[in-house]
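Structure assessment
Each chain, letter by letter, is given below.
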Amino acid sequence: MTALKKIYQSLITKWQAITEYRFFLPAFFIVGLLFCIVVSCFDLMDQYIQLILMYIGINIILTVSLNLINGYMGEFSVGHAGFMAIGAYIASLLTIGVFPQSSGSFFFPLAVLAGGIGAALIGFLVAIPSFKTRGDYLAIVTLAFGMIVKSIIENIDAIGGPRGLLGMDKLSTLPWVFFWTALSVWIIRNLVYSNFGRGVLSIREDEIASDLMSVNTRQVKVIVFVVSSFFAGIAGGLFAHVLQYINPRMFDIIKSTDILIMVYLGGIGSIAGSILGAVIYTVLLEVLRPLGVWRMVFMPLMLVLLMIYRPRGIMGLRESRLFTPISDLLSMKFHRQKKEADNASS
Amino acid sequence: MPLLEIKALSHNFEGLRAVSDFNLNLAEHELVGVIGPNGAGKTTVFNLITGVYRASEGNIRFAGQELVGQTPHRITKLGIARTFQNIRLFRELSVLDNVRIAHYAQAAYSPLEALLHLGRYRSEEKRITDHALELLSVFKIDAFAFEHSKNLPYGLQRKLEIARALATNPQLLLLDEPAAGMNPNEIMQLMEFIRWIRKTFHLTILLIEHQMRLVMGICERLVVLDFGATIAAGLPVEIQNNPKVLEAYLGGEIVK
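Residues numbered from 1 in each chain as written. Chains lettered and ligands numbered in written order. Predicted model: local features only at pLDDT ≥ 70, side-chain atom pairs only at ≥ 80, totals over all residues. Heavy atoms only, no water.

**Here we look at the pattern of salt bridges**
On inspection of all chains with the given rule, the structure shows 24 salt bridges over all chains. Its salt-bridge partner being R289 of chain A, residue E286 of chain A comes within 2.8 Å of it at the nearest N-O pair. Of the residues examined, E286 of chain A reaches a relative accessible area of 16% and is grouped as buried. A residue is classified by how much of its surface remains accessible, and R289 of chain A, at 44% relative accessible area, is partly exposed. The partner of D328 of chain A in a salt bridge is R100 of chain B, and the shortest N-O contact between them spans 3.5 Å. Separated into two different chains, D328 of chain A in helix α14 (residues 326-345) and R100 of chain B in helix α3 (residues 95-101) make up a pair that spans both. Ionic contacts of the salt-bridge type, sharing partners, join the residues E20, R321 and K333 of chain A into one network. (Salt bridge = Lys/Arg side-chain N within 4 Å of Asp/Glu carboxyl O. Buried < 20%, exposed > 50% of the residue type's maximum accessible area, 1.4 Å probe, protein only. Helix = DSSP H or I, 4+ residues; strand = E, 2+ residues; numbered from the N terminus.)

Right under this line is the structure:
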């Protein structure tokens, strides 16, 4: 028992040392990217496994970005699939119609980026009126927004209407998905640990107090909403080029609910939690595939049990040291050492 | 010129007149108290000054700027900070973050720099964190810097709220019932503390209070509200013997 405890202790200290090492995350990024490139170039992994990994990446982007609104800011958005649809359609139309098909993989990042920017612009337009008033209007506005996006796409025949859109090449590859996932996690982490991020957290805790402590709450809300919809658009672009076919029904309220489940499963207000939620949910859906229709019973049931026994999710409001900025970790460490020294001297 | 100049301020809540014709001039470095029975409109006056409510009538001028119609965060940026009657800390956040949030308007970096953690981000964050920790150590709550603020004992929560307000770098501090829930001994300490922060941070202070001991002890002037109307104003000694004030507090018959 004591031996186990010792091993555990030494592991903890090692982990703490690793997370305080400035180049750990960049190194992890480069190694991960190289690994993905090698795997996809030489086909080292089963195609099916690669596909699941790509879905996991896309779901991580969706979950982290929605967590920004629902977890960190404490508002309730249910229209994430709408922004995903905008990104998916813009990116697909660009790779099919505008960029030359022969050098499609070269222009692919531009197409995805354009999808993200498109979604961000629409997000900006939605954010302006919905944050004019305080309260729970966002849920209603985003619900309506999701429906509007779906029916607009269904009624434009030029982009396939309800039949959907196909003809994209399979441009989403493991390295690209890894790259965009890492980028979105990094940027959202940065936002959370900044002046604006603290503003976001204070809005969740007490909006009036936050306003009175000089936080420009409206500015913060709009920034958060735009960043969140940007990454939903990115995820949409990637998603369309994995599946090579999109139709408006894919981006309905069910899809938004899926993302919500991942957020609340992993834990609100936590990046580590979002990643965990996305991985667990995506893998579980695949593992439970043999159950057929019952799969769709199991998942909501899980959500109900989760809300009863762990309402804040697995990581709820806690963050892994991995995603905490090193300056914060060091000042915390310094603080603890000083406290221990004070205790020892007194 | 007074630092804060309130003229003919009135506010209605759907027909109910919460504050009517309120006038107040605050000179720099003054310490003035607003007293009155429950529901007299004291907190409403604070909410009008800080922009939580928009005044129905009247003017509030602070250091030459009109405050009516401005948003709360703009008013805080101009140099007015406040605390709350029932403590409103950011409960799930650390003590340090509570104070760092109040530096929002002072952080000189753009959203883009925040997203990429580039440019001025690093130096500004260090400056803000250092300043927040310094403030906490001045208030002797730095030992709790990384605790959730909800876990602090009550008295320290009150202190943290004042520290957080001071982090916005105010000229005028509004204290809403700072002595609520304190025993006489703690009130004595609080009086010392308020005098001390006024001197150290060069503040003008306006405070709302029920505890006569505190108000009579430290305020230089008093304004008495009852049913939204100003019924008396003057030195604490004058107020103490003012029949109208006694009537408002104790009821009409006892006075005679």
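**Concerning the interface of chain A and chain B**
Opposite the 37 residues of chain A that make contact, chain B presents 39 residues. Summed over both sides, the interface between chain A and chain B buries roughly 3400 Å², with carbon and sulfur atoms accounting for 62% of that surface. Counting the surface chain A buries against chain B, the share from its top three residues, R198, L212 and M213 of chain A, is 23%. Where chain A touches chain B, the interface holds 4 salt bridges. The partner of D206 of chain A in a salt bridge is R88 of chain B, and the shortest N-O contact between them spans 2.7 Å. The tally of links between chain A and chain B comes to 17 residue pairs in polar contact (both at pLDDT 80 or more). Elements represented by at least two residues in the side of chain A that touches chain B include exactly α7 (174-192), α8 (195-205), α9 (207-212), α10 (217-243) and α14 of chain A. (Contact = heavy atoms within 4.5 Å. Buried area = accessible area lost by both parts, 1.4 Å probe. Polar contact = N/O pair within 3.5 Å; in protein donor to acceptor, adjacent residues only side chain to side chain.)

**Points about helix α13 (residues 295-309) of chain A**
Residues and elements named next belong to chain A. Between its terminal C-alpha atoms α13 stretches 21 Å, which fits the 21 Å expected from 15 residues at 1.5 Å a residue. Buried within α13 are the following residues: R295, M299, M302 and L306. Taken around the axis of α13, the buried residues stretch over an arc of 55°, which confines them to a single face. (Expected span 1.5 Å × (residues − 1). Arc of directions from axis to C-beta.)

**With respect to the pairing of strand β9 (residues 221-226) of chain B**
Residues and elements named next belong to chain B. When you tally the buried positions in β9, you get 5 out of 6 residues, the bulk of the element. The pairing of strand β3 (residues 31-35) with β9 spans 4 bridges and is parallel. Paired with G33 across the bridge in β9 is L222. Of the pairings in the sheet, the one linking β9 to strand β10 (residues 229-234) comprises 5 bridges and is antiparallel in character. (Pairing = 2+ DSSP bridges.)

**Some words on unusual backbone geometry**
The phi dihedral of Q244 of chain A is positive, around 60°, even though this residue is not glycine. Position of Q244 of chain A relative to the elements: it lies in the loop between α10 and β2 (245-246). Look at Q244 of chain A and you get partly exposed, because its relative accessible area is 30%. Even without a glycine there, the phi angle at H202 of chain B is positive, about 50°.

**Focus on the domain arrangement of chain B**
Residue and element names in this part refer to chain B. If you check the domain split of chain B, you get domain 1 (1-79 + 170-256) and domain 2 (90-169). Just the C-alpha atoms count here: the centres of domain 1 and domain 2 sit 27 Å apart. Counting residues at the interface gives 17 residues for domain 1, matched by 12 residues for domain 2. Buried area between domain 1 and domain 2, both sides added, is near 1100 Å², and the carbon and sulfur share of it is 79%. Its largest share of buried area at the contact with domain 2, domain 1 owes to P170, F193 and F201, together 40% of the area lost on that side. Our count for the contact surface shared by domain 1 and domain 2 stands at 1 residue pair in polar contact (both at pLDDT 80 or more). Secondary-structure elements contributing two or more residues to the side of domain 1 that touches domain 2 are α2 (72-78), β7 (172-176) and α7 (184-200). Looking at side-chain class alone, the side of domain 1 that touches domain 2 contains 11 nonpolar, 3 polar and 3 charged residues. (Domains from an automatic or database assignment. Nonpolar A, V, L, I, M, F, W, Y, C, P; charged D, E, K, R; others polar.)

**Observations regarding the sheet that holds strand β5 (residues 65-66) of chain B**
Residues and elements named next belong to chain B. Pairing in this open sheet of 4 strands is antiparallel, and the strands run β2-β1-β4-β5 from one edge to the other. Looking at the sheet topology across the chains shown, the edges are occupied by β2 (16-26) and β5. In terms of strand pairing, strand β4 (residues 57-62) meets β5 through 2 bridges, oriented antiparallel. By the bridge assignment, R61 is partnered in β5 with E66.

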